Amino acid sequence: MSFNFVERPLARWSLYFVVIYLIFLNFDLSGFAEGSGFSINVELIRGTFVLGVLLNFFLVSKLPKTAQLFVTWGQLLALFLFFFYSFDLSYEFILSRLPHLLGFGLKSGFLMGAALTVFICAVSIFASTILALVAALARLSKNGMALGISTFYISFFRGTPLLLQILLVYLGLPQVGVVLDPIPAAIIALSLCYGAYMAEIFRAGIQAIPAGQSEAARALGLKKNQIMRLVILPQAIRLIIPPTGNQFIAMLKDSSLVSVLGAWELMYMSRTHGRAEFKYMEMLISAALIYWFLSVGFEIFQSRIEKKYGKGIDVNHV
């Protein structure tokens, strides 16, 4: 019986950590001991570190899959927090500013912080979904004018930076007599940008449905718009949801660019409070964690939607 080394989990992990150990031996840790008044056994530290990591992976690999997931997340999160702890942060300052970052308050009668970020993204994703559907249908149209408009729109907004688009909307529209506040300008720019990306997602999802579905619907006497609304789109939605959810998460992070307009969203709030007390790292790390938690929350929501629409017939085997 042949023995494939890389197919055995324990053997594979052992090979990985032998490589890590050999790489780790190339680092010179003796500089840490210079001028400290005491000597350290560098080789012992190296060996202990690698053996400890190897033992940790070996023990975790013996756990059930679910336990491995939670233990791995816990360990990585602990390392992540320890990394932040090494910055000597002022936790009292973070706690005092956290309500403002989360948006538990109003600025001139409107939302601010993370609440405003979520509001901007929610409105933008709704508008960009409508734009994407229209652009995708125009992209698939046999009408030359509709095809030209959709391809020009998609090409421009996919080919230029989002920051430039935000500035063009906010500073360019007043040149033609349209003056917008920062929040509407941000929503328009985000909607136009992500509508272009999502239009290609919608187009690919619609074209992925087998042609036999449309032929069968026409044989039943359905009109073209009925075929699209009742047959094609309900099946394509399952293919569209995962990448669309990814676009929303990307939009959540890209909304930080709105801070250049002076909108009181999460990034602007963190920069403002950090500048006031010269505690930039406290506010930036807090903002990073809030963005992360928001993304994780939406990932959970997205997975539930995918499971709901994932039930049914596999269109590729119809």
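Presented here is an overview of the structure given in this document. Keep in mind it's a predicted model, so treat the numbers as computed, not measured.

**Quick word on the packing of aromatic side chains**
- Evaluated as defined, the whole model comprises 13 aromatic pairs.
- Here the aromatic rings of Phe-156 and Phe-157 are separated by 5.1 Å at their centres, their planes lie at 85°, and the arrangement is edge-to-face.
- Summarising the aromatic geometry, the rings of Phe-298 and Phe-301 are spaced 5.9 Å apart at their centres and angled 50° between planes, so their arrangement reads as tilted. Of this pair, Phe-298 and Phe-301 both sit in helix H12 (residues 280–309), separated by 3 residues, roughly a single helical turn.

**Regarding the packing of helix H3 (residues 65–85) against H12**
- Between H3 and H12, whose axes approach to 12 Å, the crossing angle comes to 160°. The angle between H3 and H12 places the two elements in the roughly antiparallel class. In this structure, the crossing between H3 and H12 has a hand that is right-handed. Within the contact between the two elements, H3 uses Trp-73, Leu-77, Phe-80 and Phe-84 and H12 uses Ile-285, Leu-289 and Trp-292.
- Looking at the contact of H3 with H12, its residues break down into 7 nonpolar, no polar and no charged.

**Re the packing of helix H5 (residues 113–139) against helix H10 (residues 224–254)**
- One can describe the packing of H5 onto H10 by two numbers: an axis separation of 11 Å at closest approach and a directional angle of 140°. Taken together, the axes of H5 and H10 are oblique relative to one another. Seen from above, H5 lies across H10 with right-handed handedness. From H5, Thr-117, Cys-121, Ala-122, Ser-124, Ile-125, Ser-128, Leu-133 and Leu-137 reach across to H10, where they touch Met-228, Leu-233, Phe-248, Met-251 and Leu-252.

**Quick notes on the pattern of salt bridges**
- Overall, the coordinates contain 4 salt bridges when judged by the stated rule.
- Among the salt bridges present, the one from Glu-200 reaches Arg-158, with a minimum N-O distance of 3.9 Å. Residue Glu-200 is located in helix H8 (residues 182–207), and its partner Arg-158 is located in helix H6 (residues 144–159); the two are separated by 42 residues in the primary sequence.
- With a relative accessible area of 14%, Glu-200 lands in the buried category.
- Judged by its relative accessible area of 41%, Arg-158 is partly exposed.
- Between Arg-203 and Glu-200 there is a salt bridge whose closest N-O contact spans 3.1 Å. Of this pair, Arg-203 and Glu-200 both sit in helix H8, 3 residues apart, which is roughly one turn of that helix.
- By relative accessible area, which is 19% here, Arg-203 ends up buried.

Reading the values: rules and limits
Along each chain, residue indices are assigned from 1 in the same order as the chain's sequence is written. Note on the predicted model: pLDDT of at least 70 is required for a residue's local features to be given, and 80 or more for side-chain atom pairs to be given and counted; whole-chain, interface and lining totals, by contrast, use all residues. Only hydrogens and water are removed before side-chain values are computed, so all heavy atoms of the structure are retained for them. Think of it this way: a Phe, Tyr or Trp ring, Trp meaning its six-membered ring, pairs with another when their centres are within 6.5 Å, and the plane angle makes it stacked under 30 degrees, edge-to-face over 60, tilted otherwise. The way it works is that DSSP assigns letters per residue, a run of H or I at least four long becomes a helix, a run of E at least two long becomes a strand, and they are numbered from the N terminus. Comment: axis = line fitted to C-alpha atoms, over the contacting stretch for helices; angle = value between 0 and 180 degrees taken between N-to-C directions. If an angle is under 35 degrees, it is roughly parallel; if it is over 145, roughly antiparallel; if it lies from 65 to 115, roughly perpendicular; otherwise it is oblique. Should the near helix be turned anticlockwise from the far one by less than a right angle, the crossing is termed left-handed; should it be turned clockwise, right-handed. Only heavy atoms enter the contact rule, under which two residues are in contact if any of them lie within 4.5 Å. Classification used: nonpolar for Ala, Val, Leu, Ile, Met, Phe, Trp, Tyr, Cys and Pro, charged for Asp, Glu, Lys and Arg, polar for all others including Gly. Whenever a carboxyl oxygen of Asp or Glu lies within 4 Å of a side-chain nitrogen of Lys or Arg, that contact is scored as a salt bridge. Summary of the burial criterion: residues with accessible area below 20% of their type's maximum are buried, those above 50% are exposed, and those between are partly exposed, where the area comes from a 1.4 Å probe applied to protein chains only.

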